[in-house]
Amino acid sequence: MLALMKMAFGPGHVELVDVPRPSPGAGQIMVEIHYAGICGSDLHIQDGDIQLNLRPPVIMGHEFSGTIAELGEDVQGFRVGQPVVSETAFYTCGRCVACNTGNDNVCEHKSLIGFVYPGVFTEYVILPVKRVHPLPEGISMLGAVMAEPLACVVRGLYEQVHITPGDVVVVAGPGAMGLLSAQLAKAAGAKVVVTGMLQDAERFEMALKLGADRVVDVANEDVRALVFEMTGGEGADVYVEASGAPAAARMGLEVTRRRGQYLQLGLAGAPFEIDFAKIAYREIAVLGTLGQKWTAWERGLKLLSSGKVVTEPLLTDVFALTEWETAFQKFRSKQGIKIAMTPVKS
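Residues numbered from 1 in each chain as written. Predicted model: local features only at pLDDT ≥ 70, side-chain atom pairs only at ≥ 80, totals over all residues. Heavy atoms only, no water.

1. Section: the sheet that holds strand β2 (residues 14-18)
Just so we agree on the cut-off: Pairing between two strands is assigned when DSSP locates at least 2 bridges connecting them. We count a stretch as a helix when DSSP gives it H or I for four or more residues in a row; a strand needs E for two or more, and each element gets its number in order from the N terminus.
The three strands are arranged β2-β1-β4 in an open sheet whose pairing can be described as antiparallel. Bordering the open sheet on either side are β2 and β4 (58-59), each of which pairs with just one other strand. Across five bridges, the pairing between strand β1 (residues 2-6) and β2 is antiparallel. When the bridges of β2 are listed, Ala3 appears paired with Val17.

Structural data, given as structure tokens:
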């Protein structure tokens, strides 16, 4: 089968390669990929600056929707042909403090599909049965390809920070993660401001369609003045940095109210300078969020099934795996919103 692989450490080294079709072992499921989503971390892998465990050569990709093609020995509760999605952790140690406190998403020894174990930019993938989630009825295969980023956002907005009805939530970055964040904040009863750049006009339009109260072009509008006007001079209750841009992180410490909450969802890819003292002076609670847990997956799938969150409108482009370079470049240049690829059938 044809697979997109990271062949070696460092920038580049991404190639289409013919690899053998796998088969599931005991306690494993083989899934046929229908759609595979491109994530910002895939670009970091391509660029050689990802800060998660990576073991090339490895098939890339971790966001997908698919159907079960084969069940390994001792697998129960699933059937061939069943639509599924999956968590990304193939292995966690089960011994560290994070694992023993139910937070294996930050296990130091965690190994992910698409990073260490073969990923989903191909035709079939092998998954541990405990990571696989049945896809609820009514969710399309195309919409389901964003179940994994949705679970990541649920982890951040519903399990790390706390949003209450009437809060003002500022989301920096109108990409897929930002637009999912805006929907979750609205579902929690918040007023939502989405910030971005002039080139985000299409994404701003989508944000408004999805319920955002305001969109702000940071190059031409004063975000701080707008937020303080909305909040009677107090500032945002919650700030979600979903772009990975250093300027957006710095802005977050300016617009978050005293004793407000700041969530770092985006990945910058490199260190940058920020005035950390503002966290102390304003008693801002700064939290990071990484990946997702079983609880976030289950909650995310329920939100998707109920229609309180939509993903399919965010899928603006679908490319064949053989067009991966075009797909990656379009994602990198922030054209469209979410980009998916389809495998080459053997």
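2. A few points about helix α10 (residues 294-306)
Put simply, the test is: Here the expected span of a helix is defined as 1.5 Å times the quantity of residues minus one. Think of it in three bands: residues with accessible area under 20% of the maximum for their type are buried, residues over 50% are exposed, and the middle band is partly exposed, with areas taken using a 1.4 Å probe on protein chains only. Directions from the helix axis toward the C-beta atoms define the arc.
Taking 1.5 Å of rise per residue, 13 residues should cover 18 Å, and α10 covers 18 Å from first to last C-alpha, within 8% of that figure. Along α10, the residues classified as buried are Ala296, Trp297, Gly300, Leu301, Leu303 and Leu304. Buried positions in α10, seen along its axis, are confined to an arc of 160 degrees and lie on one side of it. Away from its buried face by more than 90 degrees, α10 exposes Trp294 and Lys302.

3. Some remarks on the packing of aromatic side chains
Defined as follows: Pairing of aromatic side chains requires ring centres within 6.5 Å, counting the rings of Phe and Tyr and the six-membered ring of Trp. Pairs whose planes differ by under 30 degrees are stacked, by over 60 edge-to-face, and all others tilted. For a lysine, the NZ atom is tested; for an arginine, the CZ atom; a charge sits over a ring if that atom is within 6 Å of the ring centre and within 35 degrees of the ring normal.
Summed over the entire model, instances satisfying the criterion amount to four aromatic pairs. Their ring planes at 70 degrees and their centres at 6.2 Å tell us that Phe121 and Phe328 sit as a pair that is edge-to-face. Here Phe121, found in the loop between β8 (111-112) and β9 (124-128), pairs with Phe328, found in helix α11 (residues 324-332); they are 207 residues apart in sequence, far enough to count as distant. According to the relative accessible area criterion, Phe328 is buried, its value standing at 2%. Taken together, Phe121, Trp324 and Phe328 form an aromatic cluster joined through their ring pairs. Against the face of Tyr124 rests Arg21, its NZ or CZ located 4.2 Å from the ring centre. Across the ring face of Phe228, the terminal group of Arg224 is positioned such that the distance to the ring centre comes to 4.3 Å.

4. Some details on the sheet that holds strand β11 (residues 168-172)
Under the convention used in this document: Convention adopted: a line fitted to C-alpha atoms gives each axis, helices being fitted over their contacting stretch, and angles between N-to-C directions are expressed from 0 to 180 degrees.
With parallel pairing, the six strands of this open sheet are ordered in space as β13-β12-β11-β14-β15-β16. Looking at which strands have only one partner, the edges of the open sheet turn out to be β13 (214-217) and β16 (285-288). Between one strand and the next, the sheet's axes are offset by a mean angle of 20 degrees, whatever the strand orientation. Two elements, strand β12 (residues 191-196) and β13, share four bridges in a ladder whose sense is parallel.

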